[in-house]
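Survey of secondary and tertiary structure
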Amino acid sequence: MTLLDERLRTLQHTAREWAEQLRPLALALEEDPDRVRDHLDLPLFSYLSRTPVPRAYQPDPITVDGQAYYGTGGLERVVFCEEIAAVDAGMLLAAPGPSLSGVLVSLLGDEEQQSWFYGRLMERTSWTFLALTEPERGSDAASLTTSLTSREKDGPLLLNGAKRFIGNAARSDVGVVFARTRPGPLGVVAALVETGGPGFEAVPFETVGLRGNQICEVRLTDVEVPAERVLGRHLSPTRRGLMGAVQGFNRLRPGVAALALGIARGAYEYVVAHRRTLRADEAAGLERMALRIEGVRRLVYRAGAAVDRDDPGLGALASAAKARAAQLAEEVTLEALEYFGPGARLEHPLLDKFARDARGVEFMEGTRNIQRLNVFQGLSQGKIDRG
Ligand SMILES: Cc1cc2nc3c(=O)[nH]c(=O)nc-3n(C[C@H](O)[C@H](O)[C@H](O)COP(=O)(O)OP(=O)(O)OC[C@H]3O[C@@H](n4cnc5c(N)ncnc54)[C@H](O)[C@@H]3O)c2cc1C
């Protein structure tokens, strides 16, 4: 069983306090995700806008009780995400900061690229995005068709194509875009792209869950990308591009699992707080929920710790955690609604929100079906065992 040390327990305790400040704001942010701009002075956003940033690029880390936090650890991310999502996962995903791109840049960026990326984020608070998914090519990301090519020898690299479901793209200054320089799996690269130039268009669309994330359609028309912004120049072709993406997503997935775990816990705690008297069968149902949440928490912590150890079984473990936690979130939130009768969704909008957010997490970083394929692969290759 993975235990939290003093440092992580301090973060957990502090994140719980920060999360409570979000509760009264959650429904207003749902209605208009841009309202996040009114709350950027909250400590939660200070933390998220400055993490994950590697020590070398973070002159002024977040400090709690004399301990510095960089957000780069797997278990740190898991503990933090669960606490915030137990109140409002949407607010967490609405935050400015390096976010998903930060993990990719730390894995694939050379020194100059990291310095450029983190430097500008430390200079001023801004949002970032990570664009992999394309219309019709979500789960099968390897078949992406967005191109990064030059029209003439030594001409500028131009990005052309479309991306879909891209969180925060419309409010970001910079992000990471996956694109193809040539056919085949080794032809995919990730590039740092600025949104301010011509040809970049991001349009938010209406969603039912995780609305704070403001997911967008992105159209890329001859967006110029300087050659020095293509990540992984210093790595072999087998270690950048799609391989880099897989590694990055393996490291991020325990955090997404923790979002789902937090949503499940939030729904459970909502029932505990609002149904003071329970029939025996209802009390037994709640007890079962608590046990299931604890069981999944152990798995999610294990996946978070596997990030920190660079465990060879990380991919499969992270997928197992994400699949189990996403299922837990959907089942627990729906069961929680049953405690409030047929009018539950209207009379308990925060609980309704948990259920809608749970559905959204199912798709983030791969659906349950895709995670199951990863787990099967890990088992068949002996990277993880059934225990
Ligand atoms: C809230 C939210 C935020 C997101 N943020 C981002 C982001 O920031 N950046 C980004 O790039 N993307 C983002 N996404 C997109 C997300 O990664 C995709 O939704 C996901 O990869 C699934 O792709 P799809 O929606 O096209 O579904 P599809 O791939 O069309 O899948 C539809 C169904 O088919 C099933 N399926 C597909 N292939 C297989 C298979 N081989 N075997 C069995 N079943 C299969 C799936 O499990 C699913 O049930 C986000 C999505 C959401 C909901």
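Summarised in this report is the structure supplied together with it.

Structural notes on the pattern of salt bridges
Note that side chains of opposite charge can pair when their charged atoms are close. Scanning the model with the defined rule gives 39 salt bridges in all. Residues Glu 134 and Lys 163 are paired through a salt bridge, measuring 3.0 Å at the closest nitrogen-oxygen approach. Of this pair, Glu 134 sits in the loop between β3 (127-131) and β4 (147-149) while Lys 163 is found in strand β5 (residues 157-167), placing the two residues 29 residues apart along the sequence. Here the residues in one salt-bridge network are Arg 16, Glu 82, Glu 83, Arg 265, Glu 269, Glu 294, Arg 297 and Arg 298, joined through shared partners.

A look at the pairing of strand β6 (residues 172-180)
Burial analysis of β6 places 8 of its 9 residues in the buried class, the great majority of the element. Judged from the 5 bridges that link them, β3 and β6 form a sheet pairing that is parallel. In the sheet register, Trp 127 faces β6, and the bridge partner there is Ser 172. In terms of strand pairing, β6 meets strand β7 (residues 188-194) through 7 bridges, oriented antiparallel. When the bridges of β7 are listed, Phe 178 appears paired with Ala 190.

Regarding the packing of aromatic side chains
Using the criterion set out here, one finds 8 aromatic pairs in the structure. Residues Phe 117 and Tyr 118 carry aromatic rings whose centres are separated by 5.2 Å and whose planes lie at 75 degrees to one another, so their mutual orientation is edge-to-face. As far as burial versus exposure is concerned, Phe 117 and Tyr 118 are alike and both buried. Judged by centre distance (5.6 Å) and plane angle (50 degrees), the ring pair of Phe 129 and Phe 200 falls under tilted. Here Phe 129 is found in strand β3, whereas its partner Phe 200 is found in strand β8 (residues 200-204), with 71 residues between them in sequence. Of the residues examined, Phe 200 reaches a relative accessible area of 13% and is grouped as buried. Grouped by ring-pair contacts, the aromatic residues Trp 18, Tyr 47 and Phe 80 constitute a single cluster.

What about the packing of helix α1 (residues 6-20) against helix α4 (residues 74-93)?
Interhelical geometry of α1 versus α4 gives an angle of 25 degrees and a closest axis separation of 8 Å. Comparing their axes, α4 and α1 come out roughly parallel. The two elements α1 and α4 cross, and the hand of that crossing is right-handed. Of α4, the residues touching α1 (which contributes Arg 7, Leu 8, Leu 11, Gln 12, Ala 15, Arg 16, Trp 18, Ala 19 and Glu 20) are Leu 75, Glu 76, Val 79, Phe 80, Glu 83, Ile 84 and Val 87.

What to know about the site of the ligand
Residues in close proximity to the ligand total 20 residues, the closest being Leu 130, Thr 133, Ser 139, Phe 165 and Thr 367. Between the ligand and Leu 132, the relevant distance is 2.8 Å, taken from an oxygen atom to a main-chain nitrogen or oxygen of the residue. Protein coverage of the free-state accessible area of the ligand, which is 980 Å², stands at 67%. The set of elements that each furnish at least two residues to the shell around the ligand consists of β3, β5, α11 (349-363) and α12 (368-380). When grouped by side-chain class, the residues that make up the shell around the ligand number 11 nonpolar, 8 polar and 1 charged.

Considerations on the environment of Gly 109
Within the secondary structure, Gly 109 sits in the loop between α5 (99-108) and α6 (111-123). Setting aside its immediate chain neighbours within four residues, Gly 109 contacts Leu 104, Gln 114, Leu 231 and His 234.

With respect to α11
Compared with the 21 Å implied by 1.5 Å per residue over 15 residues, the 22 Å span of α11 between its first and last C-alpha is a close match. If you follow the buried residues of α11, they end up packed against α2 (26-31), α4, α7 (241-274), α9 (314-338), α10 (344-347) and α12. Looking at the residues trailing α11, positive phi occurs at Glu 365, about 55 degrees.

The rules behind these values
- Residues numbered from 1 in each chain as written.
- Predicted model: local features only at pLDDT ≥ 70, side-chain atom pairs only at ≥ 80, totals over all residues.
- Heavy atoms only, no water.
- Salt bridge = Lys/Arg side-chain N within 4 Å of Asp/Glu carboxyl O.
- Helix = DSSP H or I, 4+ residues; strand = E, 2+ residues; numbered from the N terminus.
- Buried < 20%, exposed > 50% of the residue type's maximum accessible area, 1.4 Å probe, protein only.
- Pairing = 2+ DSSP bridges.
- Phe/Tyr/Trp six-rings, centres within 6.5 Å; stacked < 30°, edge-to-face > 60°.
- Axes fitted to C-alpha atoms, helices over the stretch in contact; angles between N-to-C directions.
- Parallel < 35°, antiparallel > 145°, perpendicular 65-115°, else oblique.
- Left-handed = near helix turned anticlockwise from the far one by under 90°.
- Contact = heavy atoms within 4.5 Å.
- Near = heavy atom within 4 Å.
- Polar contact = N/O pair within 3.5 Å; in protein donor to acceptor, adjacent residues only side chain to side chain.
- Areas by Shrake-Rupley, 256 points an atom, 1.4 Å probe, with all protein chains shown as cover.
- Nonpolar A, V, L, I, M, F, W, Y, C, P; charged D, E, K, R; others polar.
- Expected span 1.5 Å × (residues − 1).

That is the geometry; function is a separate question.
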